[in-house]
Amino acid sequence: MHVSHLSLADFRSYARVEVPLDPGVTAFVGPNGQGKTNLVEAVGYLATLGSHRVSSDAPLVRLGADRAFVRASVVQGERQQLIELELNPGKANRARLNRSSQVRPRDVLGIVRTVLFAPEDLALVKGDPGERRRFLDELVTARSPRMAGVRSDYERVLKQRNTLLKSAVMARRHAGRSMDVSTLDIWDQHLARAGAELLAHRLDLIAVLLPLANRAYEQLAPGGGPVAFDYRGPVGADGPRSREELYEVLLAALGEARKQEMERGVTLVGPHRDDLVLRLGQLPAKGYASHGESWSYALALRLASYELLKAESYCGPGGAATEGGGGRRAGEPVLVLDDVFAELDARRRERLAELVAPGEQVLVTAAVGDDVPGVLAGARYTVSEGTVERA
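In this text, all values refer to a predicted model and were calculated from it rather than measured experimentally.

Asks: Looking at this model, I keep getting lost on the pattern of salt bridges. Mind explaining?
Replies: Working definition: two side chains of opposite charge can pair if their charged atoms are close together. Enumeration over the complete set of coordinates arrives at 25 salt bridges. Between Glu-197 and Arg-146 there is a salt bridge; the shortest N-O distance is 2.6 Å. With Glu-197 in helix α5 (residues 184-220) and Arg-146 in the loop between α3 (129-143) and α4 (147-174), this pair connects stretches of sequence that are 51 residues apart. Across the salt bridge formed by Arg-258 and Asp-185, the nearest N and O atoms sit 3.0 Å from each other. Of the two residues, Arg-258 is situated in helix α6 (residues 243-264) and Asp-185 in helix α5; the sequence distance between them amounts to 73 residues.

See below:
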C-alpha cells in the first residue's frame, strides 16, 4: 500500500498544494518552518484522524480559513481509493470515499496506516502516562479500526460519569445538600464494559509487541536491554484476559473507588488512568535511561509497531487471515520519519536508515539534505515558502 497523491487545501501553512508520491523513499528537504512536517502530518491524519503535534484540529486549519481539506489517492495492489477529509473545528468533520460515498470519518480508518518517527517520540519514554496510553490506543486502532468506536464510547461515558460526579461535589459543597447519584451504578457498568474491551486489546498488544521491541532495541543498540513492559492499572499484564473477567475487575475497582471519587468529583479508575511502565534491564527507563538509551527505546517501540503492522498486513491480529480468509495482503504501513535523523548520533542514524529502507513507502523530512542517509536514496522534494517542488 502507498499514497500516490496528496492534496491539501487550507491545511496548516498551505492554501493549496498537490504532491505526487511514488513507492519507495521520498524526502522533503528545506529549512525549518517551511512546511515539511505539515505534509507528513497530513498523511498521518489520514491514518489516525489526529495529529502527532497538537491535540485538536483547530491549529490544522490555515489562519483565516474556516475549514481544511486533506485528500489522498491510495494504491493497494490493483485497487485505488480516494479519501477526502474535511476538518471543521468546533463542528463535525466530514469524510468521503471514492467521491460518491459520504461516510463517517472513522470509517476511513485502516485504509491508510502509518508508523511515525518524530522528535516528540522521546516523550514515550520520558513523558507522562498519557503519551504511552495514546501510543497503545493508536496502535490498537491501527490493528483493529473498529476500536475507534469503542474508544469513542468510552470517552463519552467517562465524560457523562465525570459530569455526574462533579455535580454531586458542587451540590454538597455549595448548596449543602446531597444529590441523587443512583445512576452512577449504570454508568459504572457502561464504563466497565467499554473499558474491558479497550483493556483486552491493550493487553493483547503488549504481549505481541514486547518481543518485537526487544529485537528492535538490540538492532539499534547491540548489547543493551533487555526491554520490558509493566502495565499499571487494576489489571496488570499478567492478569485476566477475557472481556467478562476484565469487566468484573473494573466494576469492582470502580466500587472501591466510589467514596474517593465522590470527594474529588472525577473518575479515578479505568484505562484512562493506567500506565505502561517501560523498563530497561531491571530499572524503569523513565528517570534512569540515558538520553541515547531513551532515544533507542522510543525508536524500538516504533520499529516494533511497524513490524507488527507489516506482519498483520498478511493476516489479522492473532494470525487470522484477513479479507475473506485468503491471507491477501492488506498493505504495509507508510513509514514517516519526521526530522528524526538530526536528533540521532551517526551510529543510530545509520542503523535506523538500514532498518527502514526496505519499506514499501518511506517519507522523510530533513532540514539539510545531508541529514538523509545515503541508503535512503529516492525521490526528493524541496520545500520553501509554501512551495513543494521536485528536485
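Asks: Quick question: what am I supposed to make of the nonpolar core here?
Replies: The nonpolar side chains of a soluble globular protein tend to be buried with one another. Judged by nonpolar contacts, the single largest core of 75 residues is most densely connected at Phe-117, Phe-229, Tyr-297, Leu-337, Leu-352 and Val-364. Of all the elements, α5 adds the most residues to this core, at 16 residues. Look past the residues within four positions of Phe-229 in its chain and what remains in contact with it is Ile-206, Leu-209, Leu-210, Ala-213, Leu-276, Val-277, Leu-278, Tyr-297 and Leu-301. Counting 39 residues, the second-largest nonpolar core is a separate cluster that includes Leu-46, Leu-85, Val-112 and Leu-116.

Asks: Help me out: how do you make sense of the pairing of strand β13 (residues 361-366) in this one?
Replies: Extensive coverage of β13 is indicated by the burial of 6 of its 6 residues. Neither face of β13 is open: one carries Gln-361, Leu-363 and Thr-365, the other Val-362, Val-364 and Ala-366, and all of them are buried. In terms of strand pairing, strand β3 (residues 24-29) meets β13 through 6 bridges, oriented parallel. If you follow Thr-26 over to β13, its bridge partner there is Leu-363. Across 4 bridges, the pairing between strand β12 (residues 334-338) and β13 is parallel. By the bridge assignment, Asp-338 is partnered in β13 with Thr-365. The β-α-β motif built from β12, the intervening helix α8 (residues 346-356) and the parallel element β13 has right-handed crossover chirality.

Asks: Got a minute to help me understand the sheet that holds β13 in this structure?
Replies: Sheet strands pair via backbone hydrogen bonds, and the direction of the pair is either parallel or antiparallel. Sheet architecture is open: 6 strands sit in the order β8-β12-β13-β3-β14-β15, paired in mixed fashion. The open sheet has two edge strands with one neighbour each: β8 (114-117) and β15 (387-390). Put simply, the sheet's adjacent strands are angled 20° from each other on average, direction ignored. Here 4 bridges tie β8 to β12, and the two strands are oriented parallel to one another. The residue bridging Val-115 from the neighbouring strand is Leu-335, located in β12. Each of β3, β8, β12, β13, β14 (379-384) and β15 touches helix α1 (residues 36-48); the most contacted strand, β13, lies at about 145° to it.

Asks: What is the right way to read the sheet that holds strand β11 (residues 283-284) from this model?
Replies: Within the open sheet, the 3 strands sit side by side as β9-β10-β11. Their pairing is antiparallel. One side of each edge strand has no neighbouring strand; the edge strands of this open sheet are β9 (227-232) and β11. Here 2 bridges tie strand β10 (residues 275-280) to β11, and the two strands are oriented antiparallel to one another. Within β11, the residue paired with Leu-280 across the bridge is Leu-283. Of the strands in this sheet, β9 and β10 touch helix α7 (residues 291-311), which is tilted by about 125° from β10.

Asks: What is the right way to read α1 from this model?
Replies: In an α-helix, one turn spans 3.6 residues, which is why side chains three or four residues apart end up on the same side. The end-to-end C-alpha distance of α1, which contains 13 residues, comes to 19 Å, matching closely the 18 Å that a straight helix rising 1.5 Å per residue would cover. A large share of α1 lies buried, amounting to 12 of its 13 residues. When we look at burial in α1, the residues that qualify are Lys-36, Thr-37, Asn-38, Leu-39, Val-40, Glu-41, Ala-42, Val-43, Gly-44, Tyr-45, Leu-46 and Ala-47. Phi turns positive, to about 60°, at Leu-49, one or two residues after α1.

Conventions adopted
- Residues numbered from 1 in each chain as written.
- Predicted model: local features only at pLDDT ≥ 70, side-chain atom pairs only at ≥ 80, totals over all residues.
- Heavy atoms only, no water.
- Salt bridge = Lys/Arg side-chain N within 4 Å of Asp/Glu carboxyl O.
- Helix = DSSP H or I, 4+ residues; strand = E, 2+ residues; numbered from the N terminus.
- Core = buried A, V, L, I, M, F, W, Y, C linked by side-chain atoms within 4.5 Å.
- Buried < 20%, exposed > 50% of the residue type's maximum accessible area, 1.4 Å probe, protein only.
- Contact = heavy atoms within 4.5 Å.
- Pairing = 2+ DSSP bridges.
- Right-handed = clockwise from strand over helix to strand, strands pointing away.
- Axes fitted to C-alpha atoms, helices over the stretch in contact; angles between N-to-C directions.
- Expected span 1.5 Å × (residues − 1).

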